[in-house]
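A look at the structure
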Amino acid sequence: MKKVYEKPVITKLETGFMNKFGGSPLYARKIRKDIDGVPVSELVERYGSPLFVISERKLRERYRKIYNAFSSRYPNVQFGWSYKTNYLKAVCSVLHQEGAIAEVVSAFEYEKARNLGIDGKNIIFNGPHKTLDILEKAASEGAMIHIDHFDEIIDLEKIADRLGKKIKVAIRVNMDTGIHPQWDRFGFNLETGQALDAVKRIATGGKLVLNGLHSHIGTFILEPEAYGKEVEKLVKLAYEIEDNFGFKIEYLDIGGGFPSKNKLKGTYLPPDVLVPSVEEYAEKITEALYSNLRPGDFPKLILETGRAIIDEAEYLITTIFASKRLPDGRKAYIADAGVNILFTAFWYKFNIEIDREVQGTNEPSVIYGPLCMNIDVIDDGTMLPPLERGTRLIISPVGAYNNTQWMQFIEYRPNVVMIMEDGSVEIVREREDISDIERRERLPEKLRINQ
Ligand SMILES: *Cc1c(COP(=O)(O)O)cnc(C)c1O
């Protein structure tokens, strides 16, 4: 093959990191030839590039590790799988098989859980936008409805009249746990007394039965102590309600928000150092339960952890399509996956591995996606050896929020496969083609082109 001429440039060598082959030992650790024993080359040959790859084994491992951290410390624990984090059927099914119920935040997600065979009573229905239709369906199917605002109380009372029965509900509460910015737009605020006003309103109406409290303090929360504060405040509120309004609070849902081992942009320390272990979260949370609950009282503890379970169980394989030299001397690569399918690239500095040994010196490199858009950057500065066209990059962790927030923009969305525990590979979402995109379009007769 004839090599393309490239104008010489002067780049700084990271001599301190070099080994005798001229490569960095750092980068030497970043070669990955397989995922769960299946060669990267085989995956791409069979399913194309880019390709999302989910590890069933890793997913079950992550679930069990996090669940056990809580169930070994507290006798009454239930996980709810946050659909918006990744609602591929295969992912939800694995987690439902592990024992999680569903946590949904829209009519669409509610229908998705029902389609998968989840009973209404095993669906937690959160979110600020629940239309009357879906709210009535959820109420009649016995879903766990978490009220977000006063208008929802009114809607639910109407529905209770229509159904001719009292509806069990919980309220979402937001509060100061020391995390800033405080998530104060969902649910009723605790410190201003709004949460208690909501309880009074529910009690006065007499049509709803309050049996749970919910809060979700944010996402990628690096402070285990914030959850300790959350639990303390929720337990106190629960007893205030039980003592003054006669409702029995059967469960406390403390939401999600635990971080994954992903690296936030702008942080210096690696995630292994920066991100507390799940045991530290479990310890703070159960400590707060035991020091605030009355003796013998063990309300159900519900967790809706999303990111921390799925993020590390998924990889994205992408292929180097071309390279170029930027005016500032940096090397740039164009990959076949970009922010269209990797939404979390806006926050994360991913772990990027290469599918083969490469000779040559590391130099600062930028990785762009395929879009004709300036914002399409996967990594704006990482040390890479010279990569040939066709080199595969394995990007991780990518399991959280990418398969839900991805967009069909400029390119099709690719195949998603799952490597099963038995080593077989299954497609869990097929790559799109033009028919998927145009199926919903209508071209008015007058606009037809006659050529
Ligand atoms: C998004 C969301 C979750 C999951 O959050 P993670 O940060 O992915 O753990 C849980 N509960 C509610 C109400 C949510 O909106």
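Below is a short write-up of the structure. In this text the structure is predicted, and so the values were computed from the model without any measurement. Throughout, residues of each chain are indexed from 1 in the direction in which the sequence is written. Only residues with pLDDT of at least 70 are given local features in this predicted model, and only at 80 or more are side-chain atom pairs given and counted; all residues enter the totals for whole chains, interfaces and linings. Side-chain numbers here rest on the full set of heavy atoms in the structure, without hydrogens or water.

**Focus on the site of the ligand**
Distances are taken per atom, and a residue is near a molecule or strand as soon as one of its heavy atoms is within 4 Å of it. Within the structure, the ligand sits among 16 residues, and Lys 84, Thr 219, Gly 257, Glu 304 and Tyr 401 are positioned closest to it. Contacts to the ligand include Glu 304, whose side-chain N or O atom sits 2.6 Å from a nitrogen atom. Nitrogen and oxygen atoms within 3.5 Å of one another constitute a polar contact, given that in protein one can donate a hydrogen and the other can accept it, and given that sequence-neighbouring residues count only through two side-chain atoms. Gly 306 places a polar main-chain atom, nitrogen or oxygen, 2.9 Å from an oxygen atom of the ligand. Surface burial for the ligand is 94%, taken as the share of its 390 Å² of free accessible area covered by protein chains. Taken together, the residues that form the shell around the ligand break down as 1 nonpolar, 10 polar and 5 charged. All accessibility values rest on the Shrake-Rupley procedure with a 1.4 Å probe; residue burial counts only the protein chains present in the view. Here the nonpolar group is Ala, Val, Leu, Ile, Met, Phe, Trp, Tyr, Cys and Pro; Asp, Glu, Lys and Arg are the charged ones; every other residue, Gly included, is treated as polar.

**What to know about empty space enclosed by the protein**
A 1.4 Å probe that fits into a set of points on a 1 Å grid over the protein atoms alone but cannot get out defines a cavity; an open set with protein on both sides within 12 Å along at least five of seven lines defines a pocket, and lining residues are those with an atom within 4 Å of a point. Grid points are joined across faces, edges and corners, and a volume is the space filled by probe spheres set on the points. Enumeration according to the criterion identifies 3 cavities of 30 Å³ or more in this entry. Taken as a whole, the largest cavity spans an internal volume of roughly 70 Å³. Counted by class, the lining of the largest cavity contains 5 nonpolar, 5 polar and 1 charged residues. The calculated volume of the second largest cavity comes to roughly 60 Å³. Every residue along the wall of the second largest cavity is listed here: Val 235, Ala 238, Tyr 239, Glu 242, Ile 249, Leu 252, Leu 293, Asp 297 and Pro 299. Helical segments are the DSSP runs of H or I of at least four residues, strand segments are the runs of E of at least two, and each set is numbered from the N terminus. Broken down by element, the lining of the second largest cavity gets its largest block of residues, 4 residues, from helix α9 (residues 224-245).

**A short note on the pairing of strand β21 (residues 416-419)**
Here's how the labels work: a residue is buried when its accessible area is under 20% of the maximum for its type, exposed when over 50%, partly exposed in between, all with a 1.4 Å probe on protein chains only. Of the two faces of β21, the one holding Val 416 and Met 418 and the one holding Val 417 and Ile 419 are both buried throughout. Strand direction decides the pairing type here: strand β3 (residues 51-55) and β21, joined by 4 bridges, are parallel. Residue pairing in the sheet places Phe 52 in a bridge with Val 416 of β21. Two strands pair if DSSP finds at least two bridges between them. As consecutive antiparallel partners, β21 and strand β22 (residues 425-429) are separated by 5 residues, and within that stretch Gly 423 has a phi angle of approximately 95°, a positive value.

**A few points about helix α4 (residues 89-97)**
Within the span of α4, buried status applies to Ala 90, Val 91, Cys 92, Val 94, Leu 95 and His 96. Of the residues one or two after α4, Gly 99 is the one with positive phi, at around 120°.

**Section: the packing of aromatic side chains**
The geometry of an aromatic ring pair is captured by the separation of the ring centres together with the interplanar angle, meaning the angle of the planes. Stacked, tilted and edge-to-face are the three classes assigned to paired rings of Phe, Tyr and Trp, where Trp is represented by its six-membered ring and a pair needs centres within 6.5 Å; plane angles under 30 degrees give stacked, over 60 edge-to-face, the rest tilted. Going through the model one piece at a time under the given rule, you end up with 19 aromatic pairs. Their ring planes at 55° and their centres at 6.3 Å tell us that Trp 183 and Phe 186 sit as a pair that is tilted. Accessibility expressed as a relative area gives 33% for Trp 183, which makes it partly exposed. Taken together, a centroid distance of 4.9 Å and an interplanar angle of 70° make the contact between Tyr 227 and Phe 258 edge-to-face. Of this pair, Tyr 227 sits in helix α9 while Phe 258 sits in the loop between β11 (251-253) and β12 (263-264), and the two are 31 residues apart along the sequence. Summarising the burial analysis for this pair, Tyr 227 and Phe 258 share the class buried. Within the aromatic cluster, the residues linked to one another by ring pairs are Tyr 63, Tyr 67, Phe 70, Phe 79, Tyr 227, Phe 258 and Tyr 281. The rule is short: NZ of Lys or CZ of Arg within 6 Å of the ring centre and within 35 degrees of the ring normal puts a charge over the ring. Positioned above the aromatic ring of Phe 125, the side-chain terminus of Lys 130 is 5.7 Å from the ring centre. It is Arg 389 that lies over the ring of Phe 321; its NZ or CZ is 5.1 Å from the centre.

**Concerning unusual backbone geometry**
Here the bond from Ser 49 into Pro 50 is cis, since omega is -5°, no more than 30 degrees from zero. Within the element layout of this structure, Pro 50 appears in the loop between α2 (40-47) and β3. We note that Tyr 401 has phi near 70°; this positive angle belongs to a residue other than glycine. Summarising the element assignment, Tyr 401 is placed in the loop between β20 (392-396) and α13 (402-405). Residue classification places Tyr 401 among the buried positions, given a relative accessible area of 13%.

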